[in-house]
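# Coordinate inspection notes
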Amino acid sequence: MPTEPQPNPLAGKSVVVTGAAGGIGRALAVRLAAAGANITVNDLDAAGAHAVALEIGGIAVTADCASEDGIAALLGGATREYGQVDVFIANAGVSGVGDIDASEEDWRLALDVNVMAHVRAARLLVPLWLNNGGGRFVITASAAGLLTMPGAAPYAASKHAAVAFAEWLSMTYRHRGILVQAICPQAVRTQMLGGLGALAEVAERTGTLSPEEVAEQAYQGILDNRFLILPHPDVHRFYINRATDTDRWLGAMNSLVHSNPDI
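Here's a quick rundown of the structure. Small disclaimer: the values here were computed from a predicted structure and weren't measured. Counting restarts for each chain: residues are numbered from 1 in the order of the written sequence. Given that this is a predicted model, residues contribute local features only at a pLDDT of at least 70 and side-chain atom pairs are listed and counted only at 80 or more, while totals for whole chains, interfaces and linings are drawn from all residues. With hydrogens and water excluded, all non-hydrogen atoms of the structure serve as input to the side-chain values.

## Quick notes on the overall build of the protein chain
Looking only at helices and strands, one finds 10 helices and seven strands in the protein chain. The burial tally for the protein chain puts 49% of its 263 residues in the buried class. Put simply, of all contacts in the protein chain between residues at least 6 apart along the chain, 65% involve residues at least 24 apart. Using the Shrake-Rupley algorithm and a 1.4 Å probe, accessible areas are obtained, with residue cover drawn only from the displayed protein chains. Element-wise, carbon and sulfur atoms account for 54% of the exposed surface of the protein chain, whose accessible area totals about 12,400 Å². Only runs of H or I of at least four residues qualify as helices and only runs of E of at least two qualify as strands under DSSP, and these elements are numbered from the N terminus. We call a residue buried when its accessible area falls under 20% of the maximum for its residue type, exposed when it is over 50%, and partly exposed in between, using a 1.4 Å probe and counting protein chains only. By definition in these notes, contact holds between two residues if any of their heavy atoms fall within 4.5 Å.

The structure is reproduced here in structure tokens:
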């Protein structure tokens, strides 16, 4: 008996993608536009954002999505063009590399962009969605948000917080029509990976994916509404190992750090 085609939850929807001038964000914007969504491309890179918007037939809004004024400007621009925001893809992020000596500025930036940007967006979107029947909030977190990441304390901690906030949103509002999802890739061939130095070599041991492969996995996750979208299959196994025997898992991670003094 033939399988019924899945309905497309994005056709004609207004979708905002932050950090979309390149990397995973650009790939998400391209893939979701191909699925029929009306895309608002956001980035601090104005030229890059406009180039992507032109490519996919969307609009570009240059604004700092981590600030209160910036997120208000972004949502306002999307709403003026498309009438509302149905889906928010909180993709913008920063690397936050650093050990115990990471500076206050490193921590502030990582927490502001990787966590508080999501909080500020949800603060504006959730009341609107509760009034109009629902919406979808998707966070590009990281495998580091489920596991951890050697040599990147601000990044690991802020991505854990991003996943925790997504869990809280889902727990609190799912029954009221707000779907929340967290994309947690491991090594992806982006500019951010190239800037990690020795850390990149560690991350690449389980294989790298292209931004387009991550975007396709994200789209499939959106189709079936699953909370965790794990583009790298190994992450699921690692996550289970971490939960079932945390001390053993931490010991293995400590051995990894000890055997790689450059990270």
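Let us keep going from here.
## As for the pattern of salt bridges
One speaks of a salt bridge when a side-chain nitrogen belonging to Lys or Arg is within 4 Å of a carboxyl oxygen belonging to Asp or Glu. Inspection of every chain in the model, using the stated rule, returns eight salt bridges. Of the charged contacts in the structure, one is a salt bridge between Glu-105 and Arg-108, with a shortest N-O distance of 2.9 Å. Taken as a pair, Glu-105 and Arg-108 lie in helix α4 (residues 104-132) at a separation of three residues, close to a single helical turn. On the accessibility criterion, Glu-105 (44% relative accessible area) is partly exposed.

## Details of empty space enclosed by the protein
Here a cavity denotes a set of grid points, spaced 1 Å apart and computed over the protein atoms alone, in which a 1.4 Å probe fits but from which it cannot get out, and a pocket denotes an open set meeting protein on both sides within 12 Å along at least five of seven lines; residues with an atom within 4 Å of a point are reported as lining. Grid points are joined across faces, edges and corners, and a volume is the space filled by probe spheres set on the points. Within this structure, the stated rule accounts for one cavity of 30 Å³ or more. Each pocket or cavity is described by its volume, and for the largest cavity that value is around 40 Å³. Around the largest cavity, the lining residues are Thr-18, Cys-65, Phe-88, Ala-90, Asn-91, Ala-92, Val-113, Ala-117 and His-118. Broken down by secondary-structure element, the contributors of at least two residues to the lining of the largest cavity are β4 (87-90) and α4. When residues are sorted by character, Ala, Val, Leu, Ile, Met, Phe, Trp, Tyr, Cys and Pro go into the nonpolar class, Asp, Glu, Lys and Arg into the charged class, and all the rest, Gly among them, into the polar class. Looking at the lining of the largest cavity residue by residue, the classes come out as six nonpolar, three polar and no charged.

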